[in-house]
Amino acid sequence: MICRAVLCILLFFSSMMLFAQEGFYSTDTIRDIRIMFAQSNWDEILDSLYVAGDKERMQATLFIDGIQFDSVGVRYKGYSSASVDRVKNPFNIKLNYLIEGQDHQGIDKIKLSNVIQDPSFLREVLSYEIARKYMPASESNFANVYVNDTLLGLYSNVEAVNNEFLEKHFTTEDNVLVKGNPETVDLYGENSNLSQTPGTDSLAYTSLYSMQSDYGWTALYNFIDTLNNHEADIDKVLNVDQALWLHALNYTLINFDSYVGYAQNYYLYQDQAGRFNPIIWDLNMSLGSFRLTDASVYFDGFSIEQAKTLDPLSHYNEFSVFPRPLLRKLFNTSRYRKMYLAHIRTIVQENISNQAYLSRAETLHQLIDESVQNDANKFYTYADFQNNLYGTVSDFIDYPGIVDLMEGRAAYLSAYPGFQGAPDIENVSVFPEAPVSNDMLVITAQASNASEVILFYRTRPDIVFEQLLMNDEGVDGDALAGDGIFSSQFLFQGCDVDYYIYAENDSAGAFSPQRAAYEYFTIEGQLNPGDIVINELMASNVDVVADADGAYDDWIELLNTTANELSLGGLYLSDDATNLSKWALPNQELPAGSYFIIWADSEDAQGSSHANFKLSSAGESLFLSDAHQVLIDSVLFPEQIENVSYGRMPNGFGDFTFLSPTFEQTNDGANLIPLDDALVFNLYPNPVLDVLYFEIESQSNSTIQIIDVLGRVVFKSDLSAGIITGELPVSYLNAGLYVVSVSSNDTVMSKKMVKR
């Protein structure tokens, strides 16, 4: 008995260690989620909160795979999937409800769907897995959910579209986030269709959309206005490619409980470039489970056989019963139609034609089989679960067999005009293979059956891809005319370049890589040493020069020493050697021989030239690095003097010395500032682990020593006069306190050093 108990304990902790190693949304894992309410009538309370519609929560204790979380907040979620007449309702659980900062693996909100409208139990998890290949989409898996130790059943566990999601996919969480989620779905109305029907007052849209950010109604209205009335400017306010992927997924996977059907169940997030990005949401009725409308030819619903042959360009070839501008306005452009069909081709070829979806579906089906059997509250029988992967299950409606639907859908789409006959893009190459700043970069691709080939490129992730027409005419980097190898060239500015290629002919288009623009090629940036330098700085600016707000702050001057324009995008400044990417420089061009001023004032909200750190007048180090944390330039500066700058002499490449300030001008005309002391020295970092950096400025020869607490000299070196910068390996020293002493003539200066 004791041995069995010990074995159970060991197995429990082994399982906990296994869960700890996996992500919370690991697709091939069934999570164990237990909600503990103090009230025995918890269901009645949650029912009343749901009916009231005020989204209030009940306090509970939560266990995730055995890990306890206190004081979480629980409510039902969903529009039609929750009901006071059901035992198995969907849950929205907020981990930081009462305990600020409480999360699990960085996740503070859990959304559990009750798998209604899906006898197969597979639709949501399988569809999200496909969607994540092509656009930002939620992670998802399965969970056995218990309340007060009673099993409610098997749920799908879907990642929330919240700050954590936005930070992961867009590197920012502070912009406008809108959900296409009307307060009441009008079965014979427009809902969240992005039309301008409500008028010109942004407040008229508040019942049709849910604002998830602190602001954004004006931005949303301006987007809707542009989408409906200014087609030529749509790409300025919309990530068109992501919208095309959204439509391609919805039409290929017959996910019509979406923007296509009742115009709901999607998000829009405004990125740093000012464009709204559609985000797919709520896939529990994908793969033909929802067939009530397509707002076009089948406005009154469609059958399973009709679902297989739904026209993916219905809102272009036919009519829209209710406006669908996010479809029709894009499809009015021939190139966008070809790009859209290219995306459909990729989804079909990578998931359906090759049977990849079926392999995954069978794996997941086997994974959850026992849990489905144990789910006493499921909405369909176990036999329905077994049958619905391949065949139709008849209940309130007919739920198509996933395989039957997808095979028919793939056959129809594969014969659709624009699916076949696309260009072939091969042998994409870059010359030179490892470019450095100021190289003429040539990108080539072999493209057959193409009338036009376009290079899309950008120099950092938060900006829009620019376009360059590639040519096969033997000019602008193209070697031979008419050889089927298309080329584009541009001056490489030393920062990373992301790019992809699109080719089209009269009927079809193609991308390389196929999942562009969600996936792309990258050329790693590299600046030549000395291309951009830290040229001058002032860490004790009392009243020399003020910023735009009238503040006399620290400032740093960068200089482009080359004869060509360079980009600051992808470069970083820092005063911390352990965090070289502390502050990103703005994505702007720096003309040849030009200066750029950064205000080191910890006021980065004041503008793109204000850093998130200050300089220390007592002396410290400053680092300029690229996106790969390769050091471009650095300076270790000593204690600074009021209203005196520290800059290179000669300008751009000389050693640093104290100067009369030359703000945004050459240092060559500056006055050298004589020092009161004949000796100046500085150390960095302190405390130190492995390497101690030093800078000594002395008018005569000097000696540097490291002395331990017993007065023993553990290191000694003689140095010449002038400005000397160097490093001392100290990893061999024991942890503790030391004194670093520098002597020159009759002057001795000492500083304490802590060895970690």
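**Student:** Outline the nonpolar core, supporting the account with residue identities and numerical values.
**Tutor:** Core analysis: the largest hydrophobic core is formed by 102 residues, its most contacted members being Leu194, Phe223, Leu249, Ile280, Leu330, Tyr340 and Ile368. Other than its neighbours up to four places away in sequence, isoleucine 368 contacts Ile30, Ser120, Phe121, Leu122, Phe142, Leu154 and Phe385. Counting 29 residues, the second-largest nonpolar core is a separate cluster that includes Leu558, Leu590, Ile598 and Leu622.

**Student:** Break down the pairing of strand β6 (residues 140-147) for me, with residues and values.
**Tutor:** Where burial is concerned, most of β6 is hidden: eight out of the eight residues are buried. What you see with β6 is no split at all: Ser140, Phe142, Asn144 and Tyr146 on one side and Asn141, Ala143, Val145 and Val147 on the other are buried throughout. Pairing geometry for strand β1 (residues 30-36) and β6, over six bridges, is parallel. From the neighbouring strand, isoleucine 35 faces β6, where its bridge partner is valine 147. For β6 and strand β7 (residues 150-159), the ladder comprises eight bridges, and the chain directions are antiparallel.

**Student:** For a negative patch on the surface, give the residues involved together with the corresponding values.
**Tutor:** On the surface, Asp103, Glu164, Glu167, Glu173 and Asp174 cluster together into a negatively charged patch. With respect to the helices, strands and loops of the structure, glutamate 173 is situated in the loop between α4 (163-170) and β8 (177-180). What makes glutamate 173 partly exposed here is its relative accessible area of 32%.

**Student:** With reference to specific residues and values, describe the environment of aspartate 271.
**Tutor:** Along the polypeptide, aspartate 271 turns up in the loop between β10 (266-270) and β11 (276-280). Take aspartate 271: its relative accessible area is 11%, and that puts it in the buried class. Residues aspartate 271 and serine 414 lie 143 residues apart in sequence; the distance between their C-alpha atoms is 34 Å. Aside from chain neighbours lying at most four places away, what touches aspartate 271 is Asn175 and Asn277. Only 2.9 Å separates the side chain of aspartate 271 from the backbone nitrogen of alanine 273, close enough to count as a polar contact.

**Student:** Requested: an account of the pairing of strand β35 (residues 691-698), with residues and values cited.
**Tutor:** Burial analysis of β35 places six of its eight residues in the buried class, which makes it a mostly covered element. Note: β35 against strand β38 (residues 722-729), eight bridges, orientation antiparallel. In the sheet register, phenylalanine 694 faces β38, and the bridge partner there is glycine 726.

**Student:** Before we move on, can you summarise the packing of aromatic side chains with the specific residues and values?
**Tutor:** All chains considered together, the criterion is met by 33 aromatic pairs. An angle of 75° between the planes, with centres 5.2 Å apart, marks the rings of tyrosine 251 and phenylalanine 256 as edge-to-face. Per residue, the accessibility class of tyrosine 251 equals that of phenylalanine 256, and both read buried. One aromatic cluster in this structure is built from Phe456, Phe465, Tyr500, Tyr502, Phe511 and Tyr520. Over the aromatic face of phenylalanine 419 sits the side chain of arginine 345, whose NZ or CZ is 5.9 Å from the ring centroid.

**Student:** So what's going on with the sheet that holds strand β9 (residues 210-211)? Residues and values would help.
**Tutor:** Within the open sheet, the four strands sit side by side as β9-β8-β10-β11. Their pairing is antiparallel. Of all strands in the sheet, those bounded by a partner on one side alone are β9 and β11. Bridging between β10 and β11 involves five bridges; their strand directions are antiparallel. Bridged to glutamine 270 within β11 is phenylalanine 276. Most of the contacts of α4 go to β11, to which it runs at about 115°, and overall it touches β8, β10 and β11.

**Student:** Requested: an account of the pattern of salt bridges, with residues and values cited.
**Tutor:** Evaluated as defined, the whole model comprises 24 salt bridges. For the salt bridge of glutamate 159 with lysine 168, the shortest nitrogen-to-oxygen distance reads 2.9 Å. Residue classification places glutamate 159 among the buried positions, given a relative accessible area of 8%. Here lysine 168 falls in the partly exposed class, since its relative accessible area comes to 43%. Of the charged contacts in the structure, one is a salt bridge between aspartate 462 and arginine 460, with a shortest N-O distance of 3.0 Å. Judged by relative accessible area, which is 29%, aspartate 462 ranks as partly exposed. The class of arginine 460 is buried, set by a relative accessible area of 13%. One network of salt bridges, with partners in common, ties together Arg335, Lys338, Glu452 and Glu504.

**Student:** Now, about a nonpolar patch on the surface: what can you tell me, with residues and values included?
**Tutor:** On the surface, Val297, Phe299, Phe319 and Val321 cluster together into a nonpolar patch covering about 320 Å² of accessible area. Within the element layout of this structure, valine 297 appears in the loop between β11 and α8 (304-308). What makes valine 297 partly exposed here is its relative accessible area of 33%.

Rules of the game
- Sequence order as written defines residue numbering, which begins from 1 separately in each chain.
- Predicted model: local features are reported for residues with pLDDT of at least 70 only, side-chain atom pairs are reported and counted for 80 or more only, and whole-chain, interface and lining totals are derived from all residues.
- The basis for every side-chain value is the complete set of non-hydrogen atoms in the structure, without hydrogens or water.
- Nonpolar cores were defined as sets of buried Ala, Val, Leu, Ile, Met, Phe, Trp, Tyr and Cys residues, with membership established by side-chain atoms within 4.5 Å.
- A simple rule labels every residue: compare its accessible area, found with a 1.4 Å probe on the protein chains alone, to the largest value its type can have, and call it buried under 20%, exposed over 50%, or partly exposed in between.
- Whether two residues are in contact is decided by their heavy atoms, any of which lying within 4.5 Å being enough.
- A run of H or I in DSSP becomes a helix once it reaches four residues, and a run of E becomes a strand once it reaches two; helices and strands are each numbered from the N terminus.
- When DSSP locates at least two bridges between a pair of strands, those strands are taken to pair.
- Nonpolar side chains (Val, Leu, Ile, Met, Phe, Trp, Tyr) are joined into patches within 5 Å and like charges within 9 Å, using only residues with over 30% relative accessible area and no salt bridge.
- Here the Shrake-Rupley method, with its probe set to 1.4 Å, supplies the accessible areas, and only the displayed protein chains count as covering residues.
- Salt bridge, as used here: a side-chain nitrogen of Lys or Arg that lies within 4 Å of a carboxyl oxygen of Asp or Glu.
- For the purpose of counting charges, residues Lys and Arg are taken to be positive, whereas Asp and Glu are taken to be negative. His and the chain ends are not included.
- By convention, charge coordinates are those of NZ in Lys, CZ in Arg, CG in Asp, or CD in Glu.
- What qualifies as a polar contact is a pair of N or O atoms within 3.5 Å, subject to a donor-acceptor requirement within protein and to the restriction that residues adjacent in sequence count only when both atoms come from side chains.
- Pairing of aromatic rings covers Phe, Tyr and Trp, the last counted by its six-membered ring, and requires centre-to-centre distances within 6.5 Å; plane angles under 30 degrees mean stacked, over 60 mean edge-to-face, and any other angle means tilted.
- For a ring to carry a charge above it, either NZ of a lysine or CZ of an arginine must fall within 6 Å of the ring centroid while also lying within 35 degrees of the normal to the ring plane.
- For helices, the fitted axis covers only the stretch in contact; all axes are lines through C-alpha atoms, and the angles between them, taken along N-to-C directions, range from 0 to 180 degrees.

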